[in-house]
Amino acid sequence: MAGESSEERARSICLAQLAMAPRSRAQLESALARREIDPGIGASVLDRLAAVGLVDDAAFAAELVRTRARDRGLARPALRRELRATGVGAEDAATALAAVADDDELEIARRLVARRLSSTTVTDPVVLTRRLVGMLARKGHSASTSYRVVREALLERALDGAALEHAALGEAALDDGVPGAAHGG
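The following paragraphs examine the structure supplied in this document.

Next up on the list: helix 5 (residues 76-85). Each α-helix winds once per 3.6 residues, and so residues spaced three or four apart point in a common direction. Considered for burial, the residues of helix 5 that qualify are Arg-76, Ala-78, Leu-79 and Leu-83. Summarising the axial view, the buried residues of helix 5 lie within an arc of 160°, below the 170-degree limit, and thus occupy one face. In this structure, helix 5 carries Arg-84 and Ala-85 as exposed residues pointing more than 90 degrees from its buried face. Where helix 5 is buried, its residues contact helix 4 (57-72), helix 6 (90-97) and helix 7 (102-119). A positive backbone phi angle near 85° is found at Gly-87, which sits one or two residues after helix 5.

Have a look at this one:
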């Protein structure tokens, strides 16, 4: 990049970073520092990019919260850690996290547990509870939410299993020639 000014180089670095994925201002500052761009020039370039809407920590935080909650099932504590790691300010982080309601978190946890239950072969309720609660904890869900959701899911699974068992017993009775069972009388 011969003949390129420090300002042009800083702008190129920022645009290349933003082309790969959305970035917070702090992440872009870090990328510029790694490339040994003068902090004053970097700040000037970032200010101009912010003025045209390419660098917006509030929008970045809102999008990160929305996608990580939806795609990864993360709860507010885990989302808060991710926002902090990307350098988003406390005010922007709080605003973004406020978009996740308690009911949303509960529904996210239920979907995670349902998805895991649909693919598990573990039948021991103690082992299953430990694994499901652990999974939810790693995603930032509170212990109370985790145990509540797992308990509900296992109860529902047990009731579904009992209904299937009951239906199977009814079919067996029909097959065994129980008088009147096949004809409802």
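Along the chain, the position of Ser-30 falls in helix 2 (residues 25-34). On the basis of relative accessible area, Ser-30 is assigned to the partly exposed category, the value being 34%. Residues Ser-30 and Gly-87, spaced 57 residues apart in sequence, show a C-alpha to C-alpha distance of 9.8 Å.

What follows deals with the side chain of Ser-146. With respect to the element layout, Ser-146 can be found in helix 9 (residues 143-175). For Ser-146, a relative accessible area of 1% corresponds to the buried category.

Among the secondary structure elements, Ser-144 is positioned in helix 9. Residue classification places Ser-144 among the exposed residues on the basis of a relative accessible area of 56%. Sequence spacing of Ser-144 and Val-133 is 11 residues, and the spatial spacing of their C-alpha atoms is 9.7 Å. At a separation of 3.2 Å, a polar atom in the side chain of Ser-144 contacts the side chain of Ser-142.

Of note in the backbone geometry, Glu-36 takes a positive phi value of approximately 60° without being a glycine. Residue position: Glu-36 is located in the loop between helix 2 and helix 3 (39-51). Exposure remark for Glu-36: the relative accessible area of 71% places this residue in the exposed category.

Let us look at the pattern of salt bridges. Applying the stated criterion to the full structure yields 11 salt bridges. Between Arg-70 and Asp-71 there is a salt bridge, and its shortest N-O distance comes to 2.6 Å. Between Asp-102 and Arg-76 there is a salt bridge; the shortest N-O distance is 2.5 Å. Of the two residues, Asp-102 sits in helix 7 while Arg-76 sits in helix 5, which places them 26 residues apart along the sequence. Among the residues examined, Asp-102 registers a relative accessible area of 56% and is labelled exposed. Because the salt bridges share partners, they merge into one network encompassing Arg-25, Glu-29 and Asp-47.

Conventions used here
Residues numbered from 1 in each chain as written. Predicted model: local features only at pLDDT ≥ 70, side-chain atom pairs only at ≥ 80, totals over all residues. Heavy atoms only, no water. Buried < 20%, exposed > 50% of the residue type's maximum accessible area, 1.4 Å probe, protein only. Helix = DSSP H or I, 4+ residues; strand = E, 2+ residues; numbered from the N terminus. Arc of directions from axis to C-beta. Contact = heavy atoms within 4.5 Å. Polar contact = N/O pair within 3.5 Å; in protein donor to acceptor, adjacent residues only side chain to side chain. Salt bridge = Lys/Arg side-chain N within 4 Å of Asp/Glu carboxyl O.

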